[in-house]
Amino acid sequence: MSAASIDPYATNATNPANRFLYRLNPLAKLGAPLPVMAVLAFTRDLLTPTLCIALAVVIILVGARLTKAVALLLFVGLPVVVGIMSFSFGLWTDPGKVDQSILLFQIGDYRFFLGALLVGLATALRLASLLVLALIGGLTSTGRDVVRAMIQQLHVPYRIGYTALAAYRFVPRFGHELEVIRSAHRVRGMAEGRGPIAAVRRTAGYVVPLLAGAIRHAERVALAMDSRAFGAHETRTERYRVPFRARDWIFMVLFWLVSATIVWWSLTAGPGPVTHG
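Residues numbered from 1 in each chain as written. Predicted model: local features only at pLDDT ≥ 70, side-chain atom pairs only at ≥ 80, totals over all residues. Heavy atoms only, no water.

**Brief notes about the overall build of the chain**
Right, so step 1: Of regular secondary structure, the chain possesses eleven helices and two strands.
Right, so step 2: Going from the N terminus to the C terminus, the chain shows its helices and strands as α-α-α-α-α-β-β-α-α-α-α-α-α.
Right, so step 3: Expressed as a percentage of the 277 residues in the chain, the buried residues total 33%.
Right, so step 4: Of all intrachain contacts in the chain linking residues separated by at least 6 positions in sequence, the fraction that spans at least 24 positions is 77%.
Right, so step 5: Carbon and sulfur atoms provide 67% of the accessible area of the chain, an area that totals close to 17000 Å². (Helix = DSSP H or I, 4+ residues; strand = E, 2+ residues; numbered from the N terminus. Buried < 20%, exposed > 50% of the residue type's maximum accessible area, 1.4 Å probe, protein only. Contact = heavy atoms within 4.5 Å. Areas by Shrake-Rupley, 256 points an atom, 1.4 Å probe, with all protein chains shown as cover.)

**Some points on the pattern of salt bridges**
Right, so step 1: Per the counting criterion, the structure on display carries three salt bridges.
Right, so step 2: Residues Asp-145 and Arg-148 are paired through a salt bridge, measuring 3.5 Å at the closest nitrogen-oxygen approach. Of this pair, Asp-145 and Arg-148 are both found in helix H7 (residues 143–152), three residues apart, which corresponds to roughly one turn of the helix.
Right, so step 3: Look at Arg-148 and you get buried, because its relative accessible area is 15%.
Right, so step 4: As a salt-bridge pair, Glu-177 and Arg-173 come within 3.4 Å of each other at their nearest N and O atoms. Within this pair, Glu-177 and its partner Arg-173 are both found in helix H9 (residues 170–187), separated by four residues, close to a single helical turn. (Salt bridge = Lys/Arg side-chain N within 4 Å of Asp/Glu carboxyl O.)

**Brief notes about the pairing of strand S2 (residues 110–113)**
Right, so step 1: Pairing geometry for strand S1 (residues 103–107) and S2, over four bridges, is antiparallel. By the bridge assignment for S2, Phe-105 is matched with Phe-112.
Right, so step 2: In this structure, the hairpin formed by S1 and S2 is closed by a connection of two residues, where Gly-108 is found at a positive phi of approximately 65°. (Pairing = 2+ DSSP bridges.)

**Notes on the packing of aromatic side chains**
Right, so step 1: Considering all chains together, one arrives at seven aromatic pairs under this definition.
Right, so step 2: On the numbers, 5.4 Å between centres and 50° between planes, the contact of Phe-87 with Phe-112 is tilted. With Phe-87 in helix H5 (residues 68–92) and Phe-112 in strand S2, this residue pair connects regions lying 25 residues apart in the sequence.
Right, so step 3: Note on Phe-112: relative accessible area 2%, which makes it buried.
Right, so step 4: Ring centres of Phe-244 and Trp-249 lie 5.2 Å apart, and the angle between their planes is 70°; on these two criteria the pair is classed as edge-to-face.
Right, so step 5: Phe-244 gets classed as partly exposed once you look at its relative accessible area, which sits at 25%.
Right, so step 6: Among the aromatic residues, ring-to-ring pairing joins Phe-20, Phe-251 and Phe-255 into one connected group. (Phe/Tyr/Trp six-rings, centres within 6.5 Å; stacked < 30°, edge-to-face > 60°.)

**Side note on the packing of helix H4 (residues 47–63) against helix H11 (residues 246–269)**
Right, so step 1: Interhelical geometry of H4 versus H11 gives an angle of 155° and a closest axis separation of 9 Å. Between H4 and H11, the interaxial angle falls into the category roughly antiparallel. Crossing of H4 against H11: the hand is right-handed. Residues Leu-47, Thr-48, Leu-51, Cys-52, Leu-55 and Ile-59 of H4 form the contact with H11, whose participating residues are Phe-255, Val-258, Ile-262, Val-263, Trp-265, Ser-266 and Ala-269. (Axes fitted to C-alpha atoms, helices over the stretch in contact; angles between N-to-C directions. Parallel < 35°, antiparallel > 145°, perpendicular 65-115°, else oblique. Left-handed = near helix turned anticlockwise from the far one by under 90°.)

**Some points on a nonpolar patch on the surface**
Right, so step 1: A surface patch of nonpolar side chains, amounting to about 720 Å² of accessible area, comprises Val-58, Leu-61, Val-62, Leu-72, Phe-75, Val-76, Val-80 and Ile-84.
Right, so step 2: Listed by contribution, the elements that provide at least two residues to the nonpolar patch are H4 and H5.
Right, so step 3: We classify Ile-84 as exposed; its relative accessible area is 51%. (Patch = residues over 30% accessible without salt bridge, like charges linked within 9 Å, V, L, I, M, F, W, Y side chains within 5 Å.)

**A short note on the side chain of Glu-177**
Right, so step 1: Take Glu-177: its relative accessible area is 15%, and that puts it in the buried class.
Right, so step 2: Residue contacts for Glu-177: discarding those within four places in its chain leaves Leu-210, Gly-213 and Ala-214.

**Looking at the environment of Gly-213**
Right, so step 1: Tracing the chain through its elements places Gly-213 in helix H10 (residues 196–227).
Right, so step 2: Each C-alpha atom of the pair Gly-213 and Glu-177 lies 7.7 Å from the other, and the pair is 36 residues apart in sequence.

**Observations concerning the packing of H7 against helix H8 (residues 158–168)**
Right, so step 1: For the pair H7 and H8, interaxial distance at closest approach is 9 Å and the crossing angle is 175°. Classified by the angle between their axes, H7 and H8 sit roughly antiparallel to one another. Facing H7, whose interface residues are Gly-143, Arg-144, Val-147, Arg-148 and Ile-151, H8 presents Tyr-158, Gly-161, Tyr-162 and Leu-165.
Right, so step 2: For the contact of H7 with H8, the per-class residue count stands at five nonpolar, two polar and two charged. (Nonpolar A, V, L, I, M, F, W, Y, C, P; charged D, E, K, R; others polar.)

Next up, the structure:
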């Protein structure tokens, strides 16, 4: 039996040695795309976010291990969502502020032009590019390492960092306890019945034991922190170090250079047919 099956909060994923993103500091993976993400918030063309999406996807393919769910998200889910958002945003675009040379369809007095669709596509691509750029760090960093890096490199007070980390760890624990409560109810024959009324009755039966477990867990966490003199001193020693190495600087500088080149080239290529967004 694996450790993850005994401890639901233990991590059983091993970082592949041939994937470089796992060996970088979480702050480097968060700080590298941050400037271009700020620029993307003000872009209105199609080329800049498309190139940024391509850059992020290449980095993820080379530097991260893709699961089936992530691969479906990137190559199936993302194009579908972009298409739906393009059409939706295009419907909300003012027809008087877009190119009206090509009419796609007309319903009554409403006319949907190709220019409106391009405006919606530009907005959808901006949102998609922000999501994919955030996945560079999100797929290859753990919450523990992010908090440790913020405390060690950014000098965030450890009282805030580790308190937030303890609160974050409540979420998977509550999920595990909810599954235990559901199993206990099924064993005792308390989960019978179908329909909305039975579902509400079952959900109400989960509230009290889950709340009691949350209070007990909060008390244990508070006692554990007090026993370790949490908050008694301005600084604390770290058992696990998350260093910021030269390779982190190299990754950030290279990413900044490539993203700046993309933005500069897309601006010199012209804004394209999109005139409003």
